[in-house]
Amino acid sequence: MAGAGRVVTNGAGGAADAGGRRSAARRWLVDLQGYAFLAPALLLVGVFTLIPIVFSLGLSFFRWDMMRPQPRFLGGDNFVRLVRDPAFHNVLANTLLYAVGTVGPSVAVSLVLALFLNRRLRGRVWFRSAFFAPVVTSTVAVSLVWSWIYHPQVGLLNAALGAVGIGPVRWLADPATALWAIVGLSVWKSVGYNMILFLAGLQNLPGEVAEAARVDGASGWRLHRDVTLPLLRPTLFFVLVVATIDAMQVFTQVDVMTQGGPARSTEMVVTYLFYRAFRTYEMGYASAIAWGLFVVIVGLTVAQSRFVAREGS
């Protein structure tokens, strides 16, 4: 009888092992099917993103002007040149100033709009669409329209200022105003995207927390300050990072509206990179500029992460 019991037990264990192997095989097959579906997209990402990134890193250690058949290895000379290049210092300062002028107002305005449009208002869908429309509009087209708005003689902005007795301003031709004119366009264009991100964050907040705060007497600004904003911190961090990365890579607005002028007051890191790569054909140095910008963006992201974490502690 004991022997029979052992046989039954062993048989059950063997069946369980076989079932486990079949289950593992099915999971492996499902995973394999998933990777098969992902393969075309991964191939495109590898060919058009990962391979160029690795190639540009390698190229940053060479001198190659696209006219010579063989690049010349320079080691870290391109990066030493980058650190000592006064032109790079100027464009980096312009880009950081542009980022500060764009990110702060854009995030603040979009957060206020998101808080307002998250309420039950008549026509809120129309307002959301109207604020988001600039995001999906061609940056080239928008830049051309704003160039007309800023025109010193026939521009809409100067016409409005003239109606109140203020003389025409050379918005894009004056080094003191050109950068801020581009900042104004960029804030207008980016507000809608950030607003949608904040709306998504607001609609995923736990409603019972806000209800409990209202029961305790919190309302208006106090409710947003003590409840909504702390819960919205992950979304705020994401918006700050995305907005900063976008601002540090600005190109189209500058290229269309000012081409880096006047007096290089609006020349940015990416426009300088473009000049070195496709005007003077210094592909190695342009690659070093790209990786220098990457290091700056990573540093800003880490700083923002620590700031948000410190504010939340």
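Model, not experiment: these values are computed from the prediction.

(A) Quick look at the overall build of the chain. For the chain, the helix and strand inventory stands at 13 helices and two strands. Out of the 313 residues in the chain, the part that is buried amounts to 35%. Taking the contacts inside the chain whose residues are at least 6 apart along the sequence as the reference set, 68% of them involve residues at least 24 apart. With the model as given, the accessible surface of the chain reaches about 18,800 Å², and the carbon-plus-sulfur share is 68%.

(B) Region of interest: the environment of T95. Here T95 shows up in helix 3 (residues 86–117). Assessed through its relative accessible area of 0%, T95 is described here as buried. In this structure the C-alpha to C-alpha distance between T95 and V269, which are 174 residues apart in sequence, comes to 6.5 Å. Ignoring sequence-local partners within four residues, the contact set of T95 consists of A247, M248, M268 and V269.

(C) Examining the nonpolar core more closely. Counting 55 residues, the largest nonpolar core has F88, Y98 and I289 as the members making the most contacts within it. The set of elements that each furnish at least two residues to this core consists of helix 3, helix 5 (139–149), helix 7 (178–203), helix 10 (233–248), helix 11 (252–257), helix 12 (269–278) and helix 13 (283–312). For I289, the residues in contact, after removing those within four places along its chain, are L82, F88, V269, Y272, L273 and R276.

(D) Quick look at the side chain of S186. Tracing the chain through its elements places S186 in helix 7. Classification of S186 as buried rests on a relative accessible area of 4%. A distance of 2.5 Å separates polar atoms of two side chains, one belonging to S186 and the other to Y98. Setting aside chain neighbours within four positions, we find S186 in contact with Y98, T102 and Q253.

(E) Quick look at the packing of aromatic side chains. Under the defined criterion, the tally for this structure stands at nine aromatic pairs. Each ring, one from W291 and one from F294, has its centre 5.3 Å from the other, and the planes form 75°; the classification is edge-to-face. In this pair, W291 and F294 are both assigned in helix 13, three residues apart and thus about one turn of the helix distant. Here W291 falls in the buried class, since its relative accessible area comes to 18%. Owing to a relative accessible area of 45%, F294 belongs among the partly exposed residues under this scheme.

(F) Fine view of the pattern of salt bridges. Applying the stated criterion to the full structure yields three salt bridges. Put simply, R81, R276 and E282 are held in one network by salt bridges that share partners.

(G) Structural view of the side chain of E282. When you line up the elements, E282 lands in the loop between helix 12 and helix 13. The residues touching E282, leaving out its near neighbours within four places in the chain, are W64, R81, R276 and A277.

(H) Local environment of the packing of helix 3 against helix 7. Contact pair helix 3 / helix 7: the axes reach a minimum separation of 6 Å and the direction vectors enclose 40°. One element, helix 3, and the other, helix 7, form an angle in the oblique class. Remark: the crossing between helix 3 and helix 7 carries right-handed chirality. Looking at the contact of helix 3 with helix 7 residue by residue, the classes come out as 20 nonpolar, eight polar and no charged.

(I) Seen up close, helix 7. Compared with the 38 Å implied by 1.5 Å per residue over 26 residues, the 38 Å span of helix 7 between its first and last C-alpha is a close match. Within helix 7, 19 of the 26 residues are buried, leaving the element largely enclosed by the surrounding structure.

(J) A nonpolar patch on the surface, seen in detail. Residues L43, L44, V47, F48 and I51 make up a contiguous nonpolar surface patch of roughly 540 Å² in combined accessible area. Structurally, F48 is set in helix 1 (residues 2–59). By relative accessible area, F48 is classed as exposed at 62%.

Quick notes on the rules
Residue indices begin from 1 for each chain and proceed along its sequence in written order. Confidence filtering applies because this is a predicted model: local features only for residues at pLDDT of at least 70, side-chain atom pairs given and counted only at 80 or more, and all residues used for totals across whole chains, interfaces and linings. To get the side-chain values, take all heavy atoms of the structure and skip hydrogens and water. Each helix is a run of H or I in the DSSP string that is no shorter than four residues. Each strand is a run of E no shorter than two, and both are numbered from the N terminus. Accessible area is worked out with a 1.4 Å probe on protein chains only. A residue is then buried under 20% of its type maximum, exposed over 50%, and partly exposed in between. Should any heavy atoms of two residues lie within 4.5 Å, those residues are counted as being in contact. A 1.4 Å probe and the Shrake-Rupley method give the accessible areas. Residues count as covered only by the protein chains that appear here. We call a set of buried residues a nonpolar core when its members are Ala, Val, Leu, Ile, Met, Phe, Trp, Tyr or Cys and they connect through side-chain atoms within 4.5 Å of each other. In the analysis that follows, any N or O atom pair within 3.5 Å is treated as a polar contact, provided that within protein one partner can donate a hydrogen and the other can accept it, and provided that, for residues neighboring in sequence, both atoms belong to side chains. For Phe, Tyr and Trp, rings pair up if their centres lie within 6.5 Å, where Trp contributes its six-membered ring, and each pair is then called stacked (planes under 30 degrees apart), edge-to-face (over 60) or tilted (otherwise). Each salt bridge in this description consists of a side-chain nitrogen of Lys or Arg and a carboxyl oxygen of Asp or Glu lying within 4 Å of one another. Axis definition: a line fit to C-alpha positions, over the contact stretch in the case of helices; interaxial angles, taken between N-to-C directions, run 0 to 180 degrees. Roughly parallel means an angle under 35 degrees; roughly antiparallel, over 145; roughly perpendicular, 65 to 115; everything else is oblique. Left-handed is the label given to a crossing in which the near helix is rotated counterclockwise from the far helix by less than a right angle, and right-handed is the label when the rotation is clockwise. For this scheme, ten residues count as nonpolar: Ala, Val, Leu, Ile, Met, Phe, Trp, Tyr, Cys and Pro. Four count as charged, namely Asp, Glu, Lys and Arg, and the remainder, Gly too, count as polar. What a helix should span is 1.5 Å times the count of its residues minus one. Patch definition: residues above 30% relative accessible area lacking any salt bridge, with like charges linked at up to 9 Å and the nonpolar side chains Val, Leu, Ile, Met, Phe, Trp and Tyr linked at up to 5 Å.

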